[in-house]
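Reading the structure
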Amino acid sequence: MKHEIRFQSEKTYANPLYEVRYFRLTFTSPSGIKHLVNGFWDGGKEWKVRFCPDERGVWKWKSDCSDSENSGLHSREGNFECIENSSDEEIYRRGSVICPKGKYYLTYNDGKPFFWLACTAWNGALKSSDEEWDFYLQHRKQNNYNVIQFVTTQWRGCDKNAEGLVAFEGSGNIRINPEFFKRIDKKIDKINEYGLVASPVILWALPTGPGRELSPGYYLPIDEAVLLANYIVARYQGNQVIWTLGGDGRYYGVLEDRWKEIGRLVFTEIDHAPVTLHPHGSSYIGDLYAGEEWYDIMAYQSSHSNGERVVNWINKGPMSQDWHKLRPMPYINMEPNYEEIGFIITARDVRNASYWSLFATPVAGITYGANGIWPWLAEGEEILNHRHSKGVSSWRKSIQFPGSIQMGYLYAFIDRFEWWKLFPANDLLLQQPGDSIFNHWISVLKSDDNRTILVYIPSKGDIRFRNPGTLKYTAEWFNPVTNSFFDAEISQKDGIISFRQESENDMIIVMNS
């Protein structure tokens with residue numbers, strides 16, 4: 001759990017962000033492992049360091065400050081004892097979520113695989129009351145969500161928090177507002193209290209559209225973007241987090257060097273939780289960022305459409321073609337179709353995009369979003385700087401949407417298997433109906449030993465595929481709408497497996513040997 005150490009500065013700084021170039025602690029674990037952790041200014045003369053120890057026993061620490069004459073911050077020493085905590089939550093029993101090298105999935109620190117099921121609440125930490133946040137998190141936990149995505153500063157979708165405060169002011173010379181971040185502190189602590197992982201967006205980055213001048217990842221100079229990011233990372237590194245360095249950004253072309261430099265300057269020298277970037281719609285940065293040591297999760301955004309371009313991009317696009325060519329890392333669609341967006345996207349569209357994404361690369365996770373949850377809309381409220389927001393359902397109504405509940409079914413379904421051993425196997429199909437009718441795309445996963453095969457079938461039809469070995473299979477159907485299973489009849493003859501999908505909705509057939 002988070003351990004906080006407080007310091008009283010001997011000096012008052014006009015702008016601590018610039019006058020104190022660094023304030024950090026070196027923690028030494030009971031086994032002798034050292035961890036470098038940055039501290040942060042919390043207003044007045046108060047400074048803090050937050051850290052999440054991962055060994056039981058006595059830890060030692062020593063501080064180092066760029067202002068070596070400040071005896072309140074520099075060359076201080078201390079220790080504390082880390083004892084076993086009493087929490088039943090897996091993030092504390094098993095340890096923080098990490099991204100092991102050579103794996104296509106996340107794990108807890110003890111090695112148990114962690115399947116990412118996130119809900120998008122970009123404005124939740126900025127706008128929610130304590131009662132609302134508690135209600136929301138309780139509902140998400142009850143429906144198997146384990147990650148919450150949210151924004152940590154003002155941005156194009158929310159120009160100030162519920163108290164009218166902003167995270168910082170200025171551009172070429174910025175001033176941090178600690179009172180703003182004290183609200184975020186409470187929201188992240190509550191996420192972790194429910195056993196969920198927080199995924200804070202550090203720098204919203206979309207360089208186009210109305211309100212882009214509010215998004216720090218777009219308009220701050222690199223030096224100021226790094227200062228702000230360092231502050232946020234230092235403030236929340238003691239929590240159970242997965243960092244989203246940039247939100248909805250363009251991280252390629254003329255902006256590629258900018259984002260690589262920011263990532264390196266923020267994360268290279270410190271111990272940190274997994275890091276990713278949230279790209280803008282239908283953009284992929286795998287071949288550009290796979291070589292960045294600080295970059296851990298290959299996030300992408302398919303965007304919000306049930307049309308041919310986006311569907312084909314999910315099923316035939318660069319993620320499905322490149323995952324086995326680049327260094328192993330989790331591939332996660334962190335923004336598929338938002339339910340109700342444009343008053344077009346239905347629960348079926350949410351399921352289609354989610355299952356297609358999950359089956360297109362090695363299984364790692366998926367994110368859900370609804371057009372009323374992410375902006376944290378009250379009844380009758382409209383979305384700042386976004387079109388087509390009149391009449392969008394409130395967040396309270398949206399968390400009850402069919403697609404919202406069915407993503408919880410998805411988690412429970414995939415958790416029945418050793419999902420981390422499942423890989424795409426569309427080459428087994430003798431005929432791919434999606435080649436002629438784009439939204440009839442059939443997706444296949446199988447284990448390396450061929451004993452488990454999952455086939456996602458979005459519409460009625462006859463399916464035939466090669467038996468990958470000489471095994472005999474039993475089969476059952478899973479209905480992702482009703483969360484129900486029933487027996488399936490399949491033909492197994494001359495190395496060919498065949499069956500018919502008769503349901504009006506999408507289905508998954510499960511074959512085991």
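Below: a short report on this structure.

Criteria and thresholds
Residues numbered from 1 in each chain as written. Predicted model: local features only at pLDDT ≥ 70, side-chain atom pairs only at ≥ 80, totals over all residues. Heavy atoms only, no water. Helix = DSSP H or I, 4+ residues; strand = E, 2+ residues; numbered from the N terminus. Expected span 1.5 Å × (residues − 1). Buried < 20%, exposed > 50% of the residue type's maximum accessible area, 1.4 Å probe, protein only. Pairing = 2+ DSSP bridges. Right-handed = clockwise from strand over helix to strand, strands pointing away. Core = buried A, V, L, I, M, F, W, Y, C linked by side-chain atoms within 4.5 Å. Contact = heavy atoms within 4.5 Å. Axes fitted to C-alpha atoms, helices over the stretch in contact; angles between N-to-C directions. Polar contact = N/O pair within 3.5 Å; in protein donor to acceptor, adjacent residues only side chain to side chain. Salt bridge = Lys/Arg side-chain N within 4 Å of Asp/Glu carboxyl O.

**Brief notes about helix 5 (residues 178–193)**
- Taking 1.5 Å of rise per residue, 16 residues should cover 22 Å, and helix 5 covers 22 Å from first to last C-alpha, within 8% of that figure.
- Taken residue by residue, helix 5 has Pro-178, Phe-180, Phe-181, Arg-183, Ile-184, Asp-185, Lys-187, Ile-188, Ile-191 and Asn-192 as its buried positions.
- Of the residues trailing helix 5, Gly-195 is marked for its positive phi of about 80 degrees.

**Overview of helix 7 (residues 222–236)**
- If you check helix 7, its first and last C-alpha atoms are 21 Å apart, about what 15 residues at 1.5 Å a residue would give, namely 21 Å.
- Counting buried positions over the 15 residues of helix 7 gives 11, a clear majority of the element.
- Inspection of helix 7 places Glu-224, Ala-225, Val-226, Leu-228, Ala-229, Tyr-231, Ile-232, Val-233, Ala-234, Arg-235 and Tyr-236 among the buried residues, and these make up the whole buried set.

**Quick word on the sheet that holds strand 8 (residues 97–98)**
- Pairing is antiparallel in the open sheet, where three strands are placed in the order 8-9-10. Either end of the sheet is taken by a strand with one partner, and the two such strands are strand 8 and strand 10 (113–114).
- Bridge count between strand 8 and strand 9 (residues 106–108): two bridges; the pairing is antiparallel. Bridge pairing in strand 9 places Val-97 opposite Tyr-108.

**Description of the pairing of strand 17 (residues 275–279)**
- Among the five residues of strand 17, five are classified as buried, and the element is accordingly described as predominantly covered.
- Bridge analysis of strand 16 (residues 243–249) against strand 17 gives four bridges, and the strand direction is parallel. Residue pairing in the sheet places Gly-247 in a bridge with His-278 of strand 17.
- Once you follow strand 16 into helix 8 (residues 256–267) and on to strand 17, the crossover reads as right-handed.

**Focus: the nonpolar core**
- Core analysis: the largest hydrophobic core is formed by 112 residues, its most contacted members being Tyr-136, Ile-148, Trp-243, Leu-245, Phe-267 and Leu-454.
- No other element matches the nine residues that helix 7 contributes to this core.
- For Trp-243, the residues in contact, after removing those within four places along its chain, are Pro-200, Ile-202, Ile-232, Val-233, Tyr-236, Gln-237, Phe-267, Ala-273, Pro-274, Val-275 and Thr-276.
- Formed by 20 residues, the second largest nonpolar core is a distinct cluster that contains Ile-457, Tyr-473, Ala-488 and Met-511.

**Some remarks on the sheet that holds strand 27 (residues 491–493)**
- Spatially, the three strands line up as an open sheet ordered 24-28-27, and their pairing is antiparallel. Single-partner strands in this sheet number two, and they are strand 24 (461–466) and strand 27. Each strand axis lies, on average, 20 degrees off the axis of its neighbour in the sheet, ignoring direction.
- Pairing between strand 27 and strand 28 (residues 496–501): three bridges, direction antiparallel.

**Things to note about the side chain of Asn-371**
- Mapped onto the secondary structure, Asn-371 falls in the loop between strand 20 (365–368) and helix 13 (395–398).
- For Asn-371, a relative accessible area of 5% puts it in the buried group.
- Side-chain polar atoms of Asn-371 contact the side chain of Trp-374, separated by 3.1 Å.
- Aside from chain neighbours lying at most four places away, what touches Asn-371 is Tyr-338, Glu-339, Glu-340, Ile-341, Gly-342, Leu-377, Ile-383 and Val-392.

**A word on the pattern of salt bridges**
- Counting across every chain of the model gives 37 salt bridges.
- In this structure, Glu-90 engages Arg-93 in a salt bridge whose closest nitrogen and oxygen atoms are separated by 3.6 Å. In this pair, Glu-90 and Arg-93 are both assigned in helix 2 (residues 90–93), three residues apart and thus about one turn of the helix distant.
- Close ionic contact of Arg-183 with Glu-163 constitutes a salt bridge, the shortest N to O distance being 2.8 Å.

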